[in-house]
Every structure is written in C-alpha cells, then in structure tokens.
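Descriptive analysis of the structure
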Amino acid sequence: MIKVVVLTGAGISAESGLSTFRDSGGLWEGYNIEDVASIDAWYRNREVVLDFYNKRREQALKAKPNEAHYSIAKLEEKFDVTVITQNVDDLHERSGSTEVMHLHGILRQARSEKDESLIIDIGGEPIKLGDKAPDGAQLRPNIVWFGEPVPMIEAAAQKVAEAEIFIVVGTSLVVYPAAGLVDFTKPEISKYIVDPSTPELYSFNNWIHIKEKAVKGVPSLTKKILENQNG
Ligand code: APR
C-alpha cells in the first residue's frame, strides 16, 4: 500500500473549537509559554501548570473531531496512513485514525514526574498536586514541554522519509524539531499543505498549497487522492 504521512498542528483542531497557539487570540496570547508549558515552569509552580492542562484537557474532551480529521481517517481505506501530530488532543483517534504519533504528548495521559515510562490513561480527569504515580512520584501531564526532548522525533523522521505522499495541515512550522520533519521528505513525492496562511519560514516551491481552512481543504484533497488511487 502507498504510504501517506500527514503532519498536523493546532489548525486542524481549530474548527473543533480548540484554539491554536499563535493566531491572533491564540492560547499563547493568554499565557506565557514559560509560565505553563516548560519544564522550568513545572519546577517553579506545579499547580499553575496542572491547572493550565486540566483546563485544556476538559476542553479537548468536550471537542469533537471535524471533517478534516474524518477525511484523513478515511484515507486508510486505500493507503498506509501515519498521522504525525503536534496536537495533544485525541481527535485523530476519535475520528478513526489508527496510526497516530503524538510528538508533543497527549492530554488524556498522565505520567510519573520521575519515570516517563510510567504512563496512566486518565481520560478527562484533572491531575491534582498530591496525585501520585505507582512509583510514589507526583503525577504530571504526559506532555513534552519546552526544554524537554521529543522522544518520537527519530521514528517520525523515518516515517516521513518513507512517505510517498506528504500532507501538512494547520501548523505554523515554527517549533522544532517537529517543523524540521518537512526536510526529510523525498524530493520527488507529492507534497501538500492545507492552511489559510503560508508558514513564513518555509519555501514551499514544489508543494501544492491549498489556502483553505482544514474542514474545507482536507476533505477535497483526500477525495482527490482516493479518486486518483481508484484509477
Ligand atoms: N484550518 C487550517 N489551518 C489553520 C486554521 C484552520 N481553520 N486556523 C489556523 N490555521 C493555521 C495557522 O495559519 C497556523 O499556520 O494553523 C497554524 C497554527 O499554528 P500554531 O498556532 O503555531 O500551532 P502549531 O503549529 O500546532 O504549534 C506547534 O507549538 O506551542 C507549541 O506545543 C505547541 O504543538 C504546539 C507547537
């Protein structure tokens, strides 16, 4: 089966009601990254960080997948699809995608602050100060914070290097190493980006840029890809 890799960011969940980070009115307008999404913030004030992620977890649980998520899942009918997402919601899984790599972690999980392999599925439950992992350490969100390594980046780069079709949806491509994944694509393959704006740091000269919101641009792209495959 032809390998398709889809790299997604906050823009694909925007129409599910989850705010992006850097658009006007985005999450980072209300918060300082350094105060809520970095390992230093965790050491400085665990409760502020826990509260920030408890709020986002509650919102993510209430959100529903949109047509962009569902149309990516539908590609699995004819293609070997891997979704590599920077998002920490589980909308790709809930729309039916079966191969999802969460580069920056996932809100539905908590882990020991001492042992990152001790992961617990908490659904939409809040994490409170004093909640302990099986090793007795404080539970923390299973999120990759600024200042921490991205454990899945090598595996993700390998998937991108093997892709025969590469699609980018709704990411400003400003956060590394995730943004660097676009450099692992084979030059000769079809590359698409679905985003109403153009991520300024990247020259998309041999890409097809669909300047639409995800709920419009992604279903029409996946329909065309499936039709081409059906011959
Ligand atoms: N449909 C498609 N794209 C959209 C839509 C939409 N409805 N709305 C916004 N976008 C695009 C914006 O044009 C922008 O390119 O989505 C992108 C959102 O960019 P960011 O807010 O920077 O989100 P993202 O790229 O996912 O951020 C990467 O930064 O803060 C960290 O860990 C966090 O994973 C996140 C990472």
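Residues numbered from 1 in each chain as written. Predicted model: local features only at pLDDT ≥ 70, side-chain atom pairs only at ≥ 80, totals over all residues. Heavy atoms only, no water.

Some remarks on the overall build of the chain
Of regular secondary structure, the chain possesses eight helices and nine strands. Computed over its C-alpha atoms, the radius of gyration of the chain comes to 18 Å, within 12% of the 17 Å expected for a compact globule of 231 residues. Pairs at least 24 residues apart make up 64% of the contacts formed inside the chain by residues separated by at least 6 positions. A distance of 3 Å separates the average location of the 26 positive side-chain charges in the chain from that of its 34 negative side-chain charges. (Helix = DSSP H or I, 4+ residues; strand = E, 2+ residues; numbered from the N terminus. Rg over C-alpha atoms; globule rule 2.2 N^0.38 Å. Contact = heavy atoms within 4.5 Å. Lys, Arg positive; Asp, Glu negative; His and termini not counted. Charge placed at Lys NZ, Arg CZ, Asp CG, Glu CD.)

Considering the packing of helix α5 (residues 67–74) against helix α8 (residues 214–230)
The axes of two packed helices give the description: the angle between them and the distance between them. Interhelical geometry of α5 versus α8 gives an angle of 15° and a closest axis separation of 8 Å. By the criterion of interaxial angle, the relationship of α5 to α8 is roughly parallel. At the point where α5 passes α8, the crossing takes the left-handed sense. For the pair α5 and α8, the contacting residues are E67, A68, S71, I72 and K74 in the first and A214, V215, V218, P219, T222 and L226 in the second. (Axes fitted to C-alpha atoms, helices over the stretch in contact; angles between N-to-C directions. Parallel < 35°, antiparallel > 145°, perpendicular 65-115°, else oblique. Left-handed = near helix turned anticlockwise from the far one by under 90°.)

Here's the deal with the site of the ligand
Lining the immediate surroundings of the ligand are 22 residues, of which R22, T171, S172, D195 and S197 lie closest. In the environment of the ligand, an oxygen atom lies 2.7 Å from a nitrogen or oxygen atom belonging to the side chain of D195. Calculation on the ligand without its partners gives an accessible area of 740 Å², and the protein chains cover 93% of this total. Looking at the shell around the ligand residue by residue, the class counts come to eight nonpolar, nine polar and five charged. Both of domain 1 (1–18 + 64–104 + 150–231) and domain 2 (19–62 + 108–143) provide at least three residues apiece to the shell around the ligand. (Near = heavy atom within 4 Å. Polar contact = N/O pair within 3.5 Å; in protein donor to acceptor, adjacent residues only side chain to side chain. Areas by Shrake-Rupley, 256 points an atom, 1.4 Å probe, with all protein chains shown as cover. Nonpolar A, V, L, I, M, F, W, Y, C, P; charged D, E, K, R; others polar. Domains from an automatic or database assignment.)

Some remarks on the pairing of strand β2 (residues 80–85)
Of all the six residues making up β2, five are buried; the element is thus mostly covered by neighbouring parts of the structure. Note: strand β1 (residues 3–8) against β2, six bridges, orientation parallel. Across the sheet, residue L7 finds its bridge partner in β2, namely I84. Where β2 and strand β3 (residues 100–102) come together, three bridges link them in parallel fashion. Bridging from a neighbouring strand, V83 pairs with V100 of β3. (Buried < 20%, exposed > 50% of the residue type's maximum accessible area, 1.4 Å probe, protein only. Pairing = 2+ DSSP bridges.)

What about the domain arrangement of the chain?
Once the domains are mapped, the chain shows domain 1 (1–18 + 64–104 + 150–231) and domain 2 (19–62 + 108–143). Each of domain 1 and domain 2 has a C-alpha centre, and the two are 25 Å apart. Facing 15 residues of domain 1, the contacting portion of domain 2 comprises 13 residues. Taking both partners together, domain 1 and domain 2 bury about 1,000 Å²; carbon and sulfur atoms supply 56% of that area. Taken as a group, A10, L18 and V88 account for 43% of the area that domain 1 buries against domain 2, more than any other trio of residues on that side. The shortest N-O distance in the salt bridge between R108 and D90 comes to 3.3 Å. One can count two residue pairs in polar contact (both at pLDDT 80 or more) joining domain 1 with domain 2. Looking at the side of domain 1 that touches domain 2, its residues break down into seven nonpolar, four polar and four charged. (Buried area = accessible area lost by both parts, 1.4 Å probe. Salt bridge = Lys/Arg side-chain N within 4 Å of Asp/Glu carboxyl O.)

Remarks on the sheet that holds strand β5 (residues 119–121)
The strands making up a sheet associate through hydrogen bonds between their backbones, and the pairing can be parallel or antiparallel. The strand order across the open sheet built from three strands is β5-β4-β6, with neighbouring strands paired in antiparallel fashion. Of all strands in the sheet, those with a lone pairing partner are β5 and β6 (139–143), marking the two edges. Neighbouring strand axes in the sheet, compared pairwise and without regard to direction, differ in orientation by 45° on average. Pairing geometry for strand β4 (residues 105–112) and β5, over three bridges, is antiparallel. Note that in β5 the partner of R111 across the bridge is I119.

A word on the nonpolar core
A37, Y53 and W145 are the most contacted members of the largest nonpolar core, which totals 25 residues. Listing elements by their share of this core, those giving two or more residues are α1 (27–30), α2 (33–36), α3 (39–44), α4 (46–62), β4 and β6. For this core, the element with the highest residue contribution is α4, accounting for five residues. Composition of this core by domain shows at least three residues from each of domain 1 (1–18 + 64–104 + 150–231) and domain 2 (19–62 + 108–143). If we ignore the near neighbours within four places in the chain, the residues touching W145 are V36, A37, S38, I39, W42, V49, Y53 and R140. (Core = buried A, V, L, I, M, F, W, Y, C linked by side-chain atoms within 4.5 Å.)

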